[in-house]
Amino acid sequence: MKTSLRAALSIVLLIGFYVLGLGLVVALGRLGLSDATDFDGGVVVRVFLLGAAFTLFLTLVFALGSVLLARPSTPVGVRLTPELAPELWRIVRDLAARVAAREPDEIRLVVGANISVTDDARLLGLLPGQRRVILGLPLLQAYTVDQLRAVLAHELGHYSRWHTTTVLLAHRGRKLVVATARSTTVPVLRAVLTGYARLHVAAEQAISQQIEYKADQYAVGAAGRDAMVGALREIRVVAAAWDEYLERHVTPAQEAGYLPADLFDGFAAYLAAHREEVRSSTGEVASIGRAWWDTHPPIGERIAALRFVPDVTVAVDGRPATDLLVDLDESSRQLQTSFLDHAGELLPWAQIVPILAYRSARDLAHPLYQAATKLTGRDAGLDLVLDLFAADRYADLARELTPGANDEDGLHALVAAFEGAVETAAVDSAAATEWRHSWSGPPELLTTSGTPLPLGELVELAGDPDTVPTARERLSALGIRVASTTRGAPAPA
């Protein structure tokens, strides 16, 4: 079926969707007011039918109003004026002319791994509004100028005047239908509207995909095939790495009452250390099915399709995309201030990491000491744990530490807890005073002589009852105190 016919069919289905919705409202209302509910308990049925009709009516009105009239709020971020990013503005204006799109009114730098172009348009785009380019700083940190040109050409291409009004109406109508169906709360009505919405999506899917593939062609024409392929491959990696960085580092710091003074520098270092690891993990989940309302073809299919797009010869610009900002440090600082609006002490990562590392070690050691106390009835410390090891009660400790876990997982947890106990004791004894930070792995605790704390050696010695005395001697030689108030108490049975 030709695109124009599909677009016309989609618009007919859009109108039919609301005809169906209003028909359901009328049918439920009439049924609720009819004599069919005049029976014992019929009041409940009547209230339910009229409530469902009213709920569906409100859903249709608010969903329609939100798409036709509402304007999206201005995203939190830093406004990049032509003075702050003159070369970036030249690129954006050039690309807008290439794809026959209206120039944006604003470029805004935001937090998050996303690049997009938004338009505060109303009436399904028939009334244009303020157009805005949204640039996520994490992606700028990962992209070259060529890759950024490719993505910007793609995003601006969605607003190309080469798209017919019918096609754009069909595409935007799809979003309206899906939003209405997903916001319906009454199960039966949601099922009916979702079924119709799926029919609409099936009819319009080819149009959405054509728009995406056409935008990819604009990207190749502006920056070359290699730049667009590289940009597509990096998007998922950077997004996943940013989420991991926030979850593993930023959020724990905030929960502890600290804010990183070098948020984006830290992410750049984290991405450099974990890029291939994240790429591998995202590749493993890439085959997971998309939501039925998703308008984008899978990235793998888009990359495959680009092989058939005629390449163009362009002057390679492999500079970091952040070079397009006149004062990256100041823009990053302003953006970080808008993002980290929570109370907390502002410190560089080099100072936050030791604090979090010690707390993590202490949190690992505490359950181990609790388990030892439950087994013996004695006040626990590293001394008591070593007593239990000497008595060959590893399995007992592991079961008490991780109830319900299998033997292997329990022993792994026991090893981690023992390492935390040794690290905590080393810091408390002033035998180790410095944590060496590395984005590629956990922080490493250094002894006063500047050498790494030999955790592997201590675990190996403590893992055999016959060599536990040697482990005690090694700890003592390192200056780590293990004695506790339980010294002199009978050894555990």
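Keep in mind that this is a model prediction, so the values were computed, not measured. (Residues numbered from 1 in each chain as written. Predicted model: local features only at pLDDT ≥ 70, side-chain atom pairs only at ≥ 80, totals over all residues. Heavy atoms only, no water.)

**Looking at the overall build of the chain**
Here is the rule we go by: The numbering of helices and of strands both runs from the N terminus, where a helix is a DSSP run of H or I of at least 4 residues and a strand a run of E of at least 2. Three exposure classes are used, based on accessible area relative to the maximum for each residue type with a 1.4 Å probe and protein chains only: buried under 20%, partly exposed in between, and exposed over 50%. In what follows, residue pairs with any heavy atoms lying within 4.5 Å of each other are defined as contacts. Residue exposure ignores everything except the shown protein chains as possible cover, and the areas themselves are Shrake-Rupley values with a 1.4 Å probe.
The secondary structure content of the chain amounts to 17 helices and eight strands. In the chain, which comprises 493 residues, the share counted as buried stands at 45%. In the chain, the proportion of contacts linking residues at least 24 apart, taken out of those at least 6 apart, comes to 76%. Entry remark: accessible area of the chain is about 24100 Å², with carbon and sulfur atoms responsible for 57%.

**Here's the deal with the packing of helix α16 (residues 455-462) against helix α17 (residues 468-477)**
In plain terms, the rule: The convention used is that axes are lines fitted to C-alpha atoms, helices contributing only their stretch in contact, and that angles between N-to-C directions extend from 0 to 180 degrees. Throughout, the term roughly parallel applies to angles under 35 degrees, roughly antiparallel to angles over 145, roughly perpendicular to angles from 65 to 115, and oblique to all others.
Packing of α16 against α17 brings their axes to within 7 Å, and their N-to-C directions diverge by 150 degrees. Of the possible angle classes, the one that applies to α16 and α17 is roughly antiparallel. Judged by residue contacts, Glu457, Leu458, Leu461 and Ala462 of α16 engage Val468, Thr470, Ala471, Arg474 and Leu475 from α17.

**Side note on the pairing of strand β2 (residues 106-110)**
Heads up, the rule is: Whether two strands pair depends on DSSP finding at least two bridges between them.
Across the five residues that make up β2, a large majority, five, are buried. The alternating pattern of β2 places Glu106, Arg108 and Val110 and Ile107 and Leu109 on opposite faces, both of which are buried. Bridging between strand β1 (residues 78-79) and β2 involves two bridges; their strand directions are antiparallel. Bridge assignment links Arg79 to a residue of β2, and that residue is Arg108. Pairing analysis gives five bridges linking β2 to strand β4 (residues 131-136), with the strands arranged parallel. If you follow Glu106 over to β4, its bridge partner there is Arg132.

**With respect to the packing of aromatic side chains**
Condition: For Phe, Tyr and Trp, rings pair up if their centres lie within 6.5 Å, where Trp contributes its six-membered ring, and each pair is then called stacked (planes under 30 degrees apart), edge-to-face (over 60) or tilted (otherwise).
Enumeration according to the criterion identifies twelve aromatic pairs in this entry. Between Trp349 and Trp439, the aromatic rings sit 5.4 Å apart at their centres with planes inclined by 85 degrees, giving edge-to-face as the arrangement. Linking Trp349 in helix α12 (residues 349-376) with Trp439 in the loop between β7 (432-436) and β8 (444-447), this pair joins segments that are 90 residues apart in sequence. On the accessibility criterion, Trp349 (3% relative accessible area) is buried. In this structure an aromatic cluster arises from ring pairing among Trp242, Tyr245, Phe264, Phe267, Tyr270, Phe339, Trp349 and Trp439.

**Description of unusual backbone geometry**
Its identity as a non-glycine residue notwithstanding, Asp392 has a phi of 60 degrees, on the positive side. Its location among the elements puts Asp392 in the loop between α13 (382-390) and α14 (394-401). Residue Asp392 is classed as exposed on the basis of its relative accessible area, which comes to 52%. Despite not being glycine, Ala430 shows a phi value in the positive range, around 60 degrees.

**Considering the environment of Leu453**
Within the fold, Leu453 resides in the loop between β8 and α16. Separated by 27 residues in the primary sequence, Leu453 and Ala426 place their C-alpha atoms 8.6 Å from one another. Not counting the four nearest positions on each side in its chain, Leu453 is found in contact with Val422, Glu423, Ala426, Leu445, Leu446, Thr447, Leu478 and Ile480.

**Details of the layout of surface pockets**
What counts here: Cavities and pockets were defined on a 1 Å grid built from protein atoms only: a cavity is a group of points that admits a 1.4 Å probe but offers it no way out, a pocket is an open group of points flanked by protein on both sides within 12 Å along at least five of seven lines, and a lining residue is one with an atom within 4 Å of any such point. Grid points are joined across faces, edges and corners, and a volume is the space filled by probe spheres set on the points. Residues are grouped as follows: nonpolar covers Ala, Val, Leu, Ile, Met, Phe, Trp, Tyr, Cys and Pro; charged covers Asp, Glu, Lys and Arg; every other residue, Gly included, is treated as polar.
For the second largest pocket, the calculated volume is near 630 Å³. Every residue lining the second largest pocket is counted, 28 residues in all, and those nearest its centre are Leu356, Ala357, Ser360, Pro442 and Pro443. Looking at the lining of the second largest pocket, the elements with two or more residues in it are α8 (225-255), α9 (263-285), α12 and α15 (407-428). By residue number, the principal contributor to the lining of the second largest pocket is α12, which donates nine residues. Of the residues contributing to the lining of the second largest pocket, the split by class is 14 nonpolar, eight polar and six charged.

**Regarding a nonpolar patch on the surface**
Worth spelling out the cut-off: By definition, no residue in a patch forms a salt bridge, and every one has over 30% relative accessible area; like charges are joined within 9 Å, nonpolar side chains (Val, Leu, Ile, Met, Phe, Trp, Tyr) within 5 Å. In the sections that follow, a salt bridge refers to a side-chain nitrogen of Lys or Arg positioned within 4 Å of a carboxyl oxygen of Asp or Glu.
The grouping of Leu22, Phe57 and Val61 at the surface amounts to a nonpolar patch, some 250 Å² of accessible area in total. By the secondary structure assignment, Leu22 is in helix α1 (residues 3-33).

**Digging into the sheet that holds β4**
As summarised here, the arrangement of the four strands in space is β1-β2-β4-β3, forming an open sheet in which the pairing is mixed. Edge positions in the open sheet fall to β1 and β3 (115-119), since each of these has one partner strand only. Strands in contact with helix α3 (residues 86-98) are β2 and β4; relative to β2, the strand with the most contacts, it is inclined by about 120 degrees.

**A few points about the nonpolar core**
Convention followed: Put simply, buried Ala, Val, Leu, Ile, Met, Phe, Trp, Tyr and Cys residues joined by side-chain atoms within 4.5 Å make one nonpolar core.
By size, the foremost hydrophobic cluster in this structure holds 61 residues, and its most contacted members are Leu88, Leu109, Leu135, Leu148, Leu152 and Tyr245. Here this core gets ten residues from one element, more than from any other, and that element is α8. For Leu152, the contacting residues outside a window of four places in its chain are Leu88, Val92, Leu95, Ile115, Val133 and Leu135. Core analysis: the next-biggest nonpolar cluster, separate from the first, contains 37 residues, Val385, Leu453, Ala462 and Val468 among them.

**What to know about α8**
Along an α-helix, residues three or four positions apart point the same way, because every turn accommodates 3.6 residues. For clarity, the threshold we go by: Any helix carries an expected span of 1.5 Å times its number of residues minus one. Fitting one axis to the seven residues ending at a residue and another to the seven starting there, the bend at that residue is the angle between the two axes.
Here α8 contains 31 residues, and its C-alpha end-to-end distance of 44 Å stays within 8% of the 45 Å for a straight helix at 1.5 Å per residue. The principal kink in α8, of about 40 degrees, is found at Leu246. The first or second residue beyond α8 is Gly257, which carries a positive phi of 95 degrees.

**Side note on the pattern of salt bridges**
Tallying each qualifying case throughout the model produces 24 salt bridges. Asp94 is paired through a salt bridge with Arg149; the nearest N and O atoms lie 3.8 Å apart. Residue Asp94 is located in helix α3, and its partner Arg149 is located in helix α5 (residues 145-157); the two are separated by 55 residues in the primary sequence. Classification of Arg149 as buried rests on a relative accessible area of 15%. Here Arg436 makes a salt bridge to Glu444, at a shortest N to O gap of 2.6 Å. Several salt bridges converge on common partners, so that one network encompasses Arg79, Glu106, Arg108 and Arg132.

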